[in-house]
Amino acid sequence: MSIQVLDKTFVPYLSEQEIQDRINQLAIQISADYEGKNPLFIGILNGSFMFASDLFKNITTPSTISFIKLASYKGTTSTGTVITSIGLEENLQDKDIIIIEDIVDTGKTMSAFIPSLQQLQPASIRICTLLHKPDALQFPLSLDYVGFNIPDKFVVGYGLDYDGYGRNSREIFQIAQTS
Ligand code: IMP
């Protein structure tokens, strides 16, 4: 059944079952990869809150989790944008970090954020994103765990928003074609 979010119509794209099955697979893989490493998951707010919750519930190796917000402003990096994190209180030195993102689109946010995270000298940084739009990627980025590669079309639901709305659903919807 299609839904209306503000002025746009969205059609069903990924069901709750598909999302949960894929998250289970990711959690099994990450738990195995990080066995004995006590990794720190960092969820990027707001969009990843549902994904982070469902992923973390299924992680079976001892792990911690924290959440941050990213704020961008014009700066002097190669991307022209400097990303600062709000709310990160943990000491990251020598920690194995797994960033939890809702979606990587152009890659601009993550490619600007990773260098500032590297300055805190973690042992390693990997990115786990629920969704990725390969055709939209403009900034070099290595994505270690990807839930679904999707076409370059706007999606909402399961934490993802259109102008703040549409986050509150268990499934993911894709923007309807306008004819
Ligand atoms: P990037 O910096 O272009 O990779 O954009 C990443 C951010 O843009 C995500 O964390 C989302 O907040 C937002 N975004 C990109 N594509 C979508 C979409 O299809 N639906 C909702 N938010 C999106």
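Above this text sits the structure in question.
Structure report, in brief. Everything numeric here is computed off the predicted structure, so don't read it as measured data.

**Points about the pattern of salt bridges**
Working definition: two side chains of opposite charge can pair if their charged atoms are close together.
Inference 1: In this structure the tally under the stated criterion is five salt bridges.
Inference 2: Among the salt bridges present, the one from Asp-7 reaches Lys-8, with a minimum N-O distance of 3.5 Å.
Inference 3: Taking the shortest distance from any N to any O, the salt bridge between Arg-167 and Asp-161 comes out at 3.4 Å.
Inference 4: By relative accessible area, which is 17% here, Arg-167 ends up buried.

**A few points about the site of the ligand**
Inference 1: Around the ligand, the structure places 14 residues, and the nearest of them are Thr-106, Gly-107, Thr-109, Lys-133 and Val-155.
Inference 2: In the model, an oxygen atom of the ligand is placed 3.4 Å from a nitrogen or oxygen of the Lys-108 main chain.
Inference 3: Note that an oxygen atom of the ligand is positioned 2.4 Å from one of the side-chain N or O atoms of Thr-109.
Inference 4: Expressed as a share of its isolated accessible area of 490 Å², the protein-covered part of the ligand is 80%.
Inference 5: Contributing elements (two or more residues each) for the shell around the ligand: strand 6 (96-104) and helix 3 (108-118).

**What to know about the nonpolar core**
Inference 1: Grouped together as the largest cluster of nonpolar side chains are 25 residues, with contacts concentrated most on Ile-30, Phe-51, Leu-55, Cys-128, Leu-130, Leu-131 and Ile-172.
Inference 2: At the level of elements, helix 1 (16-33), helix 2 (49-57), strand 6, strand 7 (124-132) and strand 8 (145-149) are the ones that each hand at least two residues to this core.
Inference 3: A total of five residues in this core trace back to one element, the largest contributor, which is helix 1.
Inference 4: Contacts of Ile-172, omitting those with residues within four sequence positions, involve Val-11, Pro-12, Tyr-13, Leu-14, Ile-19, Leu-130, Leu-131, Val-155, Val-156, Gly-157, Tyr-158 and Leu-160.
Inference 5: Of all hydrophobic cores here, the second largest spans 15 residues; its members include Ile-44, Leu-92, Ile-99 and Ile-127.

**Observations regarding the sheet that holds strand 9 (residues 155-156)**
Inference 1: One open sheet holds the four strands; their spatial order is 1-2-10-9, and the pairing between them is antiparallel. Of all strands in the sheet, those bounded by a partner on one side alone are strand 1 (3-5) and strand 9.
Inference 2: Pairing of strand 2 (residues 8-14) with strand 10 (residues 172-175), which is carried by four bridges, proceeds in the antiparallel orientation. What sits directly across from Phe-10, in strand 10, is Ile-175.

**What to know about the pairing of strand 7**
A regular strand carries its side chains on alternate faces of the sheet.
Inference 1: In this structure, strand 6 lies alongside strand 7, joined through eight bridges in parallel fashion. Of the residues in strand 7, the one forming a bridge with Asp-96 is Ser-124.
Inference 2: Read as a crossover between parallel neighbours, the route from strand 6 over helix 3 to strand 7 is right-handed.
Inference 3: Across four bridges, strand 7 lies against strand 8 in parallel orientation. Bridge pairing in strand 8 links Thr-129 to Val-146.

What counts, and at which threshold
Residues numbered from 1 in each chain as written. Predicted model: local features only at pLDDT ≥ 70, side-chain atom pairs only at ≥ 80, totals over all residues. Heavy atoms only, no water. Salt bridge = Lys/Arg side-chain N within 4 Å of Asp/Glu carboxyl O. Buried < 20%, exposed > 50% of the residue type's maximum accessible area, 1.4 Å probe, protein only. Near = heavy atom within 4 Å. Polar contact = N/O pair within 3.5 Å; in protein donor to acceptor, adjacent residues only side chain to side chain. Areas by Shrake-Rupley, 256 points an atom, 1.4 Å probe, with all protein chains shown as cover. Helix = DSSP H or I, 4+ residues; strand = E, 2+ residues; numbered from the N terminus. Core = buried A, V, L, I, M, F, W, Y, C linked by side-chain atoms within 4.5 Å. Contact = heavy atoms within 4.5 Å. Pairing = 2+ DSSP bridges. Right-handed = clockwise from strand over helix to strand, strands pointing away.

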